[in-house]
Each structure stands twice: as C-alpha cells, then as structure tokens.
Amino acid sequence: MRNTRLTESILTVSAICVAVVVLSCNNRKGQQSDIVKTDADMVFPKGEKVTSNNFTGTVWVNYLIESDTVHNVNIGSVTFEPGARTNWHYHKGGQILLVTDGRGLYQEKGKPVEIIKKGDVVKCSPNIEHWHGATPTDGMTHIAIGTNTNIGGAVWLKPVTDGEYHSGEKQ
Ligand code: MN
C-alpha cells in the first residue's frame, strides 16, 4: 500500500516535472518567435521589406548603425531572396560587405560575375560601379558597411537586367 502511494507520488511529481519542462520549452520557443519570428537562425533579424526602386526582387533591410559626427559609417544587414539584387550603383565613400548567410553574386562593371558566400568579405572601392544580390536559387544576407559617409553615399543607376544577372551562368 505504502509502496503504491509512493509510486503514485513519484509518478505525480515526475508528471509535474515533465509538464514544467515542456511548458518552459514552449515558452522559450514562443519568446524567440515573438522577438525574431522566422529569423531564429540569422545573426540579425532581417528587418523591413525594401520598397525602393533601387532593387529588383524581394529585399529586406535592418538598419543597425546610422553615421553621426563621430562615426563616418552606416551599417545595415541586407537580405536578398533568391533572384533579388541591387541596381547598378557606386559609393562615393566606398563600401564593405560581410556575407553572413547564403550564397550571392557580386559584379563590378566590366568584370565577370563572382559568387560570394557566407564568410566572404567584399571591398567595394569608391566610385566603382557594381551590384550585389542573391543567386537565382539561394538567398543571401550581407552586412553592408558604408564607409567614409562624410564623402557621400550610394549613387543609384539602372536595374541589373536579367541578361546581366544570368551572365555568370554561361561561363
Ligand atoms: Mn554596393
């Protein structure tokens, strides 16, 4: 009898423990999804959808740092869905790209399209025309650092045509 009660008590306590663990796991999951939603595996949340005509396809931006009187840089995490890319453009003060996720494309005017992937660093020299974006099949996220913003920011040019975008595939 005692043993049965003891067993029942142990089972009850065990059940409560399991319930607590399950609940706390659910809570943690719930909190994560509240904060970052589908961004759980990203370094930074992908931010807001870009509505600018300076991009083709679906692009997201999370502005991280705005330049001020002390720091002549602006920093944003930019996420390109497959097929998405910037227009042709150049940066008066230059730009550095840190690829944090996926696979993408980068091209400077007159040069072949290059594949860039997570962990790659790209230096865009001042006033050099270029574009960057995802590959047709993979998304790509990079942190874009606009340098020397006191000299000037991005100057936007024409969209990258489908022909230009896919030119790397013929090689
Ligand atoms: Mn650029």
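Nothing here was measured: the structure is a model prediction, and the numbers come from that model.

Draft legend 1. The overall build of the protein, seen in detail. Along the protein, the regular secondary structure elements total 2 helices and 12 strands. Ordered by position in the sequence, the α and β elements of the protein form the string α-β-β-β-β-β-β-β-β-β-β-β-β-α. Here the contacts in the protein between residues at least 6 apart in sequence split such that 68% fall between residues at least 24 apart. When the accessible surface of the protein is summed, it comes to about 10800 Å², and 56% of that surface belongs to carbon and sulfur atoms.

Draft legend 2. Up close: the environment of Gly76. Structurally, the position occupied by Gly76 is in strand β4 (residues 73-80). Residue classification places Gly76 among the buried residues on the basis of a relative accessible area of 8%. The residues touching Gly76, leaving out its near neighbours within four places in the chain, are Asn62, Tyr63, Leu64, His142, Ile143 and Ala144.

Draft legend 3. Representation of the nonpolar core. Ranked by internal contacts, the top residues of the largest apolar core, which has 14 residues, are Val78, Phe80, Leu97, Tyr106, Ile116, Val122 and Met140. For this core, the secondary-structure elements that each account for two or more residues are β3 (59-65), β4, β7 (95-108), β9 (121-124) and β11 (140-147). In this structure, Trp88, Leu105, Trp131 and Val160 belong to the second largest nonpolar core, which totals 6 residues.

Draft legend 4. Spatial organisation of the pattern of salt bridges. Considering all chains together, one arrives at 5 salt bridges under this definition. In this structure, the salt-bridge partner of Asp138 is Arg103, at a minimum N-O distance of 3.0 Å. Of the two residues, Asp138 is situated in the loop between β10 (130-134) and β11 and Arg103 in strand β7; the sequence distance between them amounts to 35 residues. What makes Asp138 partly exposed here is its relative accessible area of 26%. Residue Arg103 is classed as partly exposed on the basis of its relative accessible area of 35%. Across the salt bridge formed by Lys111 and Glu108, the nearest N and O atoms sit 3.2 Å from each other. Among the residues examined, Lys111 registers a relative accessible area of 46% and is labelled partly exposed. Using a relative accessible area of 15% as the deciding quantity, one classes Glu108 as buried.

Draft legend 5. Layout of the coordination of the manganese ion. Within the protein, the manganese ion binds to His89 (NE2), His91 (NE2), Gln95 (OE1), His130 (NE2) and His132 (NE2); these donor distances fall in the range 2.1 to 2.2 Å. On the primary sequence, the residues serving as donors to the manganese ion are separated as H-x1-H-x3-Q-x34-H-x1-H. Accessibility expressed as a relative area gives 0% for His130, which makes it buried.

Cut-offs and rules
- Residues numbered from 1 in each chain as written.
- Predicted model: local features only at pLDDT ≥ 70, side-chain atom pairs only at ≥ 80, totals over all residues.
- Heavy atoms only, no water.
- Helix = DSSP H or I, 4+ residues; strand = E, 2+ residues; numbered from the N terminus.
- Contact = heavy atoms within 4.5 Å.
- Areas by Shrake-Rupley, 256 points an atom, 1.4 Å probe, with all protein chains shown as cover.
- Buried < 20%, exposed > 50% of the residue type's maximum accessible area, 1.4 Å probe, protein only.
- Core = buried A, V, L, I, M, F, W, Y, C linked by side-chain atoms within 4.5 Å.
- Salt bridge = Lys/Arg side-chain N within 4 Å of Asp/Glu carboxyl O.
- Donors = N, O, S within 2.8 Å, 3.2 Å for Na, K, Ca; no water.

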